[in-house]
Amino acid sequence: MASSTVRPSTQDHSPEGDIARRLLDSAAVLAYDPATEVDWDTPLDRNCHGASPEWSTLYGTAYWREMTEEQRKELTRQEAASVASTGIWFEMILQQMVLRDVYAKDPTSAEVQWALTEIAEECRHSIMFARGAAKLGAPPYRPHRLAVELGRVFKSVAFGEAAYAAILVAEEVLDVMQRDWMRDERVAPFVRTINNIHVVEESRHMKFARDQTRKRLAGAGRVRRRINALVIAIASYVIVTSMVNREVYVNAGLDEERALAEAKANEHHKSMMRSSCAGLMEFLASCGLLTKPALVFYKRAHLI
């Protein structure tokens, strides 16, 4: 009996087509339906964290030491929900950029078919994150208004390496932290499942984004490379600094101003962010995208 998941062959024999075909083959074999894979019915266990405590913005601070274990768990649940909500926001940007990139290209090519497959996966991820945040008992966190408007502009004008490298930054930062969360038995089981699904499927998206970034830069001149290096760095700064909404502290029952001050000065969290981005920064450097102006924003976001 023929399988409904068998992918029709394409005639795209380009190097890009080879990569896209491999990604399509992977998606046909290893893909998830969050609607059935995630345990949505079991009530939230409030004895569990929403994320590994070590990834909390307050971990290691004086405030963290004063908090009860219940407060710590509630904070990590709110922070995980905020990260998920930011993920939805950027996945919506990502989907529009990818769709715009393949608009009017050959739909029989493996590259376009992979792009559509990636968009389909991102749609499922967004719904999964939304349901997960709601189950964590969090409100619909949104980036601040300026970030939303900058995102609106970016998704409309970014192209080529600027679009794909920015996609890569968002995906790689999430990937490292979620790999920790999905293995951590202190984290709620349904959150671990969500993270596992996202890590597996995003690994394909990151491979495509890296390939596309290199491909688009192949013919880029010095001026274009320097301009896009700065654009990517600014986009990265906005994405990373939007991950944890300041309202998480209020919703966790903490003093907002004190929590913000201690989080801002938290060297442990800054170190976690830098270590998570080591491979990413190495890739950007290899592409000539770590210019001096760009480094200013990566350093401000504690990515390097």
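Residues numbered from 1 in each chain as written. Predicted model: local features only at pLDDT ≥ 70, side-chain atom pairs only at ≥ 80, totals over all residues. Heavy atoms only, no water.

Student: Quick rundown of the overall build of the protein chain? Include the residues and the values.
Tutor: What the protein chain contains, in helices and strands, is 14 helices and 0 strands. Listed N to C, the secondary structure of the protein chain is α-α-α-α-α-α-α-α-α-α-α-α-α-α in terms of helices and strands. Computed over C-alpha atoms, the radius of gyration of the protein chain comes to 20 Å, within 12% of the 19 Å expected from 2.2 N^0.38 for 304 residues, which places it in the range of a compact globule. In terms of principal-axis extent, the alpha carbons of the protein chain reach across some 60 × 55 × 30 Å. In the protein chain, which comprises 304 residues, the share counted as buried stands at 53%. (Helix = DSSP H or I, 4+ residues; strand = E, 2+ residues; numbered from the N terminus. Rg over C-alpha atoms; globule rule 2.2 N^0.38 Å. Buried < 20%, exposed > 50% of the residue type's maximum accessible area, 1.4 Å probe, protein only.)

Student: Could you give me a rundown of the pattern of salt bridges, with the residues and numbers involved?
Tutor: Where charged atoms of side chains with opposite charge meet at close range, the side chains can pair. The tally for this structure, following the rule as stated, stands at 20 salt bridges. Across the pair arginine 246 and glutamate 256 runs a salt bridge whose closest N-O atoms are separated by 2.5 Å. Here glutamate 256 lies in helix α11 (residues 256–264) and arginine 246 lies in the loop between α9 (222–241) and α10 (247–251), a separation of 10 residues in the sequence. On the basis of relative accessible area, glutamate 256 is assigned to the partly exposed category, the value being 22%. (Salt bridge = Lys/Arg side-chain N within 4 Å of Asp/Glu carboxyl O.)

Student: Run through the environment of alanine 278, naming residues and quoting values.
Tutor: As for its position among the elements, alanine 278 is in helix α13 (residues 278–286). By relative accessible area, alanine 278 is classed as partly exposed at 46%. Distance from alanine 278 to methionine 182, taken between C-alpha atoms, is 20 Å for residues 96 residues apart in sequence.

Student: Help me get a handle on the packing of aromatic side chains, residues and values and all.
Tutor: All told, the structure shown has 4 aromatic pairs when counted by the stated rule. The interplanar angle of 70° and the centroid separation of 6.3 Å between the aromatic rings of tryptophan 114 and phenylalanine 208 together place this pair among those described as edge-to-face. Of this pair, tryptophan 114 sits in helix α5 (residues 110–135) while phenylalanine 208 sits in helix α8 (residues 189–217); the two residues are 94 residues apart in sequence, bridging distant segments of the chain. The interplanar angle of 70° and the centroid separation of 6.1 Å between the aromatic rings of tyrosine 237 and phenylalanine 297 together place this pair among those described as edge-to-face. (Phe/Tyr/Trp six-rings, centres within 6.5 Å; stacked < 30°, edge-to-face > 60°.)

Student: Report on α13, specifying residues and quantitative values.
Tutor: Looking only at α13, the buried set comprises Leu280, Met281, Phe283 and Leu284. The buried residues of α13 occupy an angular sector of 160° when projected down its axis, which confines them to one face. Set apart from the buried face of α13 by more than 90 degrees, the exposed residues are Glu282 and Ser286. Following α13 by one or two positions, glycine 288 has its phi on the positive side, about 75°. (Arc of directions from axis to C-beta.)

Student: An account of the environment of methionine 281 is requested, with residue identities and associated values reported.
Tutor: Here methionine 281 is to be found in helix α13. Between the C-alpha atoms of methionine 281 and isoleucine 304, which are 23 residues apart in sequence, the distance is 7.3 Å. Those residues in contact with methionine 281, other than ones at most four positions away along the chain, are Leu290, Tyr298, Leu303 and Ile304. (Contact = heavy atoms within 4.5 Å.)

Student: So what's going on with helix α7 (residues 160–183)? Which residues, and what values?
Tutor: Between its first and last C-alpha, α7 extends 35 Å over 24 residues, near the 34 Å set by a 1.5 Å rise per residue. A large share of α7 lies buried, amounting to 20 of its 24 residues. (Expected span 1.5 Å × (residues − 1).)

Student: So what's going on with the confidence of the model for the protein chain? Residues and values would help.
Tutor: The predicted model of the protein chain averages 93 in pLDDT, with 95% of residues at 70 or higher. Confidence over residues 1–10 falls short of pLDDT 50; this stretch has 9 contacts with residues more than four positions distant or in other chains. (pLDDT = per-residue confidence, 0-100.)

Student: Break down the packing of α5 against α8 for me, with residues and values.
Tutor: As a packed pair, α5 and α8 sit with axes 10 Å apart at the nearest point and diverge in direction by 145°. With respect to the hand of their crossing, α5 and α8 are arranged in left-handed fashion. Judged by residue contacts, Glu111, Trp114, Glu118, Glu121, Glu122, Arg124, His125, Met128, Phe129, Gly132 and Lys135 of α5 engage Phe190, Ile194, Ile197, His198, Glu201, Glu202, Arg204, His205, Phe208, Gln212, Lys215 and Arg216 from α8. When the residues that make up the contact of α5 with α8 are grouped by side-chain class, the tally is 7 nonpolar, 5 polar and 11 charged. (Axes fitted to C-alpha atoms, helices over the stretch in contact; angles between N-to-C directions. Left-handed = near helix turned anticlockwise from the far one by under 90°. Nonpolar A, V, L, I, M, F, W, Y, C, P; charged D, E, K, R; others polar.)

Student: Report on the packing of α9 against helix α14 (residues 292–300), specifying residues and quantitative values.
Tutor: Where α9 meets α14, the closest approach of the two axes is 8 Å, and the angle between their N-to-C directions is 10°. Between α9 and α14, the angle is such that the two are roughly parallel. On the side of α9, the interface is formed by Arg226, Ala229, Leu230, Ile232, Ala233, Ile234, Ser236 and Tyr237, while α14 contributes Pro293, Ala294, Phe297, Tyr298 and Arg300. Classifying every residue of the contact of α9 with α14 by side-chain character gives 10 nonpolar, 1 polar and 2 charged. (Parallel < 35°, antiparallel > 145°, perpendicular 65-115°, else oblique.)

Student: Quick one: what's the story with unusual backbone geometry, residue by residue and with numbers?
Tutor: Notably, alanine 104 is not glycine yet its phi reads approximately 70°, a positive angle. On the basis of relative accessibility, which here comes to 73%, the residue alanine 104 falls in the exposed class. Located in the positive-phi region is histidine 302, a residue other than glycine, with phi close to 60°. Position of histidine 302 among the secondary structure elements: in the segment after α14.

Student: Give me the side chain of glutamate 111: which residues, what numbers.
Tutor: Inspection of the secondary structure assignment puts glutamate 111 in helix α5. Side chain to side chain, glutamate 111 and lysine 215 meet in a polar contact 3.4 Å long. (Polar contact = N/O pair within 3.5 Å; in protein donor to acceptor, adjacent residues only side chain to side chain.)

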